[in-house]
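Okay, here's what each chain looks like letter by letter:
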Amino acid sequence: MKLYTCSNCHSLIYFENNICLHCGYALGFNANTLSLVTLVSEGNSLFSNIQNKQEEFRYCRNSEYATCNWLIHASKADDFCVACGLNRVIPDLTRDENMKRWKNIEVAKHRLVYSLLRLRLPVIKKVKNEESGIAFDFLADTSLKEKVITGHDNGTITLNIEEADEAARVRHKQDLGERYRTLLGHFRHETGHYYWDLLIKNSSVLEKYRSLFGNELSDYPEALNNYYKNNAPPDWSEHFISPYASSHPWEDWAETWAHYLHLMDTLETAFSFGIRIQPDMIQDTIRIQASIQQDPYDMTDFRQILKWWLPLTFAVNSLNRSMGHSDFYPFVISDPVVGKLEFIHEVCLKNAGLDTVYPRW
């Protein structure tokens, strides 16, 4: 995530802010420029850019619920922004619990959509394109016997809103033996399935995908049943980013895709803050030194990105341990996983037409 400042008072502001807490000016996110805009009210629910009075916007309709600060250009008739326009079903908002959960869900989903736009990936509303579009259904369990299953089906991503409850999510995390489970992680994983269909299926890179991840034509239900019955193989960490990734090539892709989005967004944040990792009083520091010198989204060489990533995660894990928390980054990246992450980076660059624009390191 980029580092944003108010254009009026130059105070630091968060991605989710709709008002500058220092000067009181309204703020909104312009998805076309991926920028937080400082706004001046023009009346009739319209706002102008403080730096360009000719540029006028209105807020997404979901701003009335304090779940969205994204903007719609005044010339467009849309009620919802590019992120909220992907919603097909939302919870019953007459229940306070559902409202709280939905707000948490939207925070994570908007950060997801930011990353997708940053990567120049297609973000297509399913309502306008049933075959290749994407939609989100946020559903609650109707009974103890009828549980909503989080997952992906032909561009529709279903999320059980219970995942927005911290206690429930931690319980699921422990029950399934997971070391990492977040709302944003769910979104990134499920969109991995969606973008597999768009970027890999029937593409020129399908055979390379199979050489790295395996043949996706292997029986999927049988593979999942086998995974839940027998768990991951003992040597899973030598080949996969997570135990679940070992269950089937589709899940390996989705888990690795999610990990790639984690990595890119976190490194962009580190770059925005100018973070340097240079520990003192350590004899062999060469392997854990890093200065995040460039926006990872502008780089073609994934190996250089990884050289920055590993020292950063070592440092943040150390900070977490100093506070008595578990590791921020509970993963080990083996050589086969590096190859898979590099493949995803190349696929994204090719899709965006950037594979030859930026010089390799």
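Residues numbered from 1 in each chain as written. Predicted model: local features only at pLDDT ≥ 70, side-chain atom pairs only at ≥ 80, totals over all residues. Heavy atoms only, no water.

What follows covers the overall build of the chain. Scanning the chain from N- to C-terminus turns up 8 helices and 13 strands. Over its C-alpha trace the chain gives a radius of gyration of 21 Å, about what one expects of a compact globule, namely 21 Å for 361 residues. Each of the three principal axes of the chain carries a C-alpha extent, and together these read 65 × 60 × 45 Å. The burial tally for the chain puts 47% of its 361 residues in the buried class. For the chain, contacts bridging at least 24 residues in sequence account for 56% of all contacts bridging at least 6. A total accessible area of about 18,600 Å² is found for the chain, and carbon and sulfur atoms account for 50% of it. Averaged over its 37 positive side-chain charges, the chain has a centre that lies 2 Å from the centre of its 46 negative ones. (Helix = DSSP H or I, 4+ residues; strand = E, 2+ residues; numbered from the N terminus. Rg over C-alpha atoms; globule rule 2.2 N^0.38 Å. Buried < 20%, exposed > 50% of the residue type's maximum accessible area, 1.4 Å probe, protein only. Contact = heavy atoms within 4.5 Å. Areas by Shrake-Rupley, 256 points an atom, 1.4 Å probe, with all protein chains shown as cover. Lys, Arg positive; Asp, Glu negative; His and termini not counted. Charge placed at Lys NZ, Arg CZ, Asp CG, Glu CD.)

We now examine the confidence of the model for the chain. Per-residue confidence for the chain gives a mean pLDDT of 90; residues scoring 70 or more make up 92%. Note on residues 356-361: pLDDT is under 50 here. Beyond four places in sequence and across chains, it has 11 contacts. (pLDDT = per-residue confidence, 0-100.)

Pairing in this open sheet of 5 strands is antiparallel, and the strands run 3-4-5-6-7 from one edge to the other. Edge positions in the sheet fall to strand 3 (26-30) and strand 7 (71-73), since each has one partner strand and no second. Here the average twist between neighbouring strands, direction ignored, is 50 degrees. (Pairing = 2+ DSSP bridges. Axes fitted to C-alpha atoms, helices over the stretch in contact; angles between N-to-C directions.)

This part is about the pairing of strand 6 (residues 52-59). Of the pairings in the sheet, the one linking strand 5 (residues 46-49) to strand 6 comprises 3 bridges and is antiparallel in character. Across the sheet, the residue bridging to Ser48 is Glu56, located in strand 6. The hairpin turn running from strand 5 into strand 6, its antiparallel successor, is 2 residues long. Across 3 bridges, strand 6 lies against strand 7 in antiparallel orientation. Within the sheet, the bridge partner assigned to Arg58 lies in strand 7 and is Ile72.

Turning next to the pattern of salt bridges. For the structure shown, the criterion picks out 18 salt bridges. For Lys109, the salt bridge identified is with Glu106, shortest N-O distance 2.9 Å. Taken as a pair, Lys109 and Glu106 lie in helix 1 (residues 96-118) at a separation of 3 residues, close to a single helical turn. Taken together, the shared-partner salt bridges connect Arg95, Glu97, Arg101 and Asp165 into one network. (Salt bridge = Lys/Arg side-chain N within 4 Å of Asp/Glu carboxyl O.)

All right, on to the packing of aromatic side chains then. All chains considered together, the criterion is met by 28 aromatic pairs. Ring geometry for Phe15 versus Phe29: centroids 5.1 Å apart, planes at 75 degrees, classification edge-to-face. Pair noted here: Phe15 is in the loop between strand 2 (12-13) and strand 3 and Phe29 is in strand 3, with a separation of 14 residues, a long-range link. A single burial state applies to Phe15 and to Phe29, both of which are buried. Centroid distance Phe138 to Phe187: 6.0 Å. Interplanar angle 80 degrees. Geometry classified as edge-to-face. Placement of Phe138 in strand 9 (residues 135-139) and of Phe187 in helix 3 (residues 183-199) is noted, with a sequence separation of 49 residues between them. On the accessibility criterion, Phe187 (1% relative accessible area) is buried. Through pairs of rings, three or more aromatic residues link up here, namely Tyr194, Tyr195, Trp196, Tyr209, Phe213, Tyr220, Trp250, Trp253, Trp257 and Phe343. (Phe/Tyr/Trp six-rings, centres within 6.5 Å; stacked < 30°, edge-to-face > 60°.)

Turning our attention to the packing of helix 6 (residues 249-272) against helix 7 (residues 302-322). Packing of helix 6 against helix 7 leaves a shortest axis separation of 11 Å and a crossing angle of 75 degrees. Taken together, the axes of helix 6 and helix 7 are roughly perpendicular relative to one another. Judged by residue contacts, Tyr260, His262, Leu263, Met264, Thr266, Leu267 and Ala270 of helix 6 engage Phe302, Ile305, Leu306, Trp308, Trp309 and Leu312 from helix 7. A breakdown of the residues in the contact of helix 6 with helix 7 according to their chemical character gives 11 nonpolar, 2 polar and no charged. (Parallel < 35°, antiparallel > 145°, perpendicular 65-115°, else oblique. Nonpolar A, V, L, I, M, F, W, Y, C, P; charged D, E, K, R; others polar.)

Time to look at helix 4 (residues 206-213). Looking at helix 4, one finds that the buried residues are Leu206, Tyr209 and Phe213. Mapping the buried residues of helix 4 onto a view down its axis gives an arc of 55 degrees, with all of them on the same face. The outward face of helix 4, more than 90 degrees from its buried face, is lined by the exposed residues Glu207 and Ser211. Looking one or two places after helix 4, you find Gly214, whose phi comes out positive at around 110 degrees. (Arc of directions from axis to C-beta.)

All right, on to a nonpolar patch on the surface then. Residues Leu3, Leu12, Phe273 and Ile275 make up a contiguous nonpolar surface patch of about 360 Å² in total accessible area. Of note, Leu12 is situated in strand 2. (Patch = residues over 30% accessible without salt bridge, like charges linked within 9 Å, V, L, I, M, F, W, Y side chains within 5 Å.)

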